[in-house]
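# Understanding the architecture of this molecule
Okay, here's what each chain looks like letter by letter:
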Amino acid sequence: MSVSSTQQIPETGAIPRHVAIIMDGNGRWAKKRMLPRVAGHAKGVDAVRATVETCARAGVQCLTLFAFSSENWRRPVEEVSVLMRLFLTALEKEVALLRKNGIRLRVIGDLSAFDAKLQEMIARGEADTAHCKGMTLVVAANYGGRWDILNATRQMLAVRPDLAANPQAIAESDLAPYLALADQPEPDLFIRTGGEHRVSNFLLWQLAYTEFYFTDCFWPDFGAEELNKAFESFTRRERRFGRTSEQLQSGQVSTHPGSVEVLSS
Ligand code: IPE
Ligand code: IPE
Ligand code: MG
């Protein structure tokens, strides 16, 4: 189990242990070039490769990429179909390379909605890289932050039906093990390309204390240079986790006192 940033102050460093990215702007990248939207998705695969490589080299422990949201089914059926094909092709072509570089693949989301062939390739990709000890690459597919929390709640209650009768007894630590990324540190750095400033139902629970970085760069143009800008921005952040800046500077460690008297003025 990873450290919960709301229960314990996590150890942090200059390089984010976990980077989570919303890869947005493929359609607009294509439109700017008078190309069909799907050309942007195809080009986006190159940006995925470059990002995986740069993160692995930099020593990132976990990289989570939002590939398809639980709301993306609302898109035209042809576009959804191309996205599925690109995912399948990427699994067929890239897993061997991931394995060669010691990168472990994991896919999170409600995979039951995908066709059998895609589900099989996902399972194979995960199995083929399960032994890898380098970076973990997490692909979020048919993923939604609300789905994750609901799914975790259902699983928790299936294992602990006693909690349903005693909701006051439920602690964060009861639910946390059932969340999709329970075995990874919470994201230190969130990046969204494409200029929008929103979370779009990504890792709602896990982003509690994550540093946010937004760039106007469209996803197909993203790569090492853009990623390094995000890393530089990250190193300039002061992560306070609820404390004051003065406490951090004095190195004073303060724990939850339990109860505090109200000072009379
Ligand atoms: C992100 O790019 C890819 C997916 C959501 C699958 P978009 O397709 O959302 O690109 P824009 O936002 O329309 O430019
Ligand atoms: C978020 O992008 C989902 C992925 C990148 C997979 P969207 O383009 O779907 O987000 P909205 O609809 O603009 O919020
Ligand atoms: Mg978009």
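The rules behind the values
Residues numbered from 1 in each chain as written. Chains lettered and ligands numbered in written order. Predicted model: local features only at pLDDT ≥ 70, side-chain atom pairs only at ≥ 80, totals over all residues. Heavy atoms only, no water. Helix = DSSP H or I, 4+ residues; strand = E, 2+ residues; numbered from the N terminus. Rg over C-alpha atoms; globule rule 2.2 N^0.38 Å. Buried < 20%, exposed > 50% of the residue type's maximum accessible area, 1.4 Å probe, protein only. Contact = heavy atoms within 4.5 Å. Core = buried A, V, L, I, M, F, W, Y, C linked by side-chain atoms within 4.5 Å.

A separate point is the overall build of the protein. Counting its secondary structure elements, the protein contains nine helices and six strands. Relative to the globule expectation of 18 Å for 265 residues, the C-alpha radius of gyration of the protein, 20 Å, shows essentially globular dimensions. By its C-alpha atoms, the protein is 65 × 45 × 35 Å across when sized along the principal axes. Here the protein holds 265 residues, and 43% of them are scored as buried. Intrachain contacts of the protein at a sequence separation of at least 6 include 75% that bridge at least 24 residues.

Turning our attention to the nonpolar core. Formed by 39 residues in total, the largest nonpolar core has its most connected members in I21, L63, L137 and I191. When residues of this core are assigned to their parent elements, the largest contribution, eight residues, is made by helix α3 (residues 77–100). Once you skip the residues sitting within four places of it in the chain, I191 turns out to touch V19, A20, I21, I22, Y213, F222, L227 and A230. Of all hydrophobic cores here, the second largest spans 14 residues; its members include I22, I108, V138 and L203.

As a further point, take the environment of S112. Mapping S112 onto the fold places it in the loop between β3 (104–108) and α4 (116–129). Assessed through its relative accessible area of 55%, S112 is described here as exposed. Residues S112 and N142, spaced 30 residues apart in sequence, show a C-alpha to C-alpha distance of 9.2 Å.

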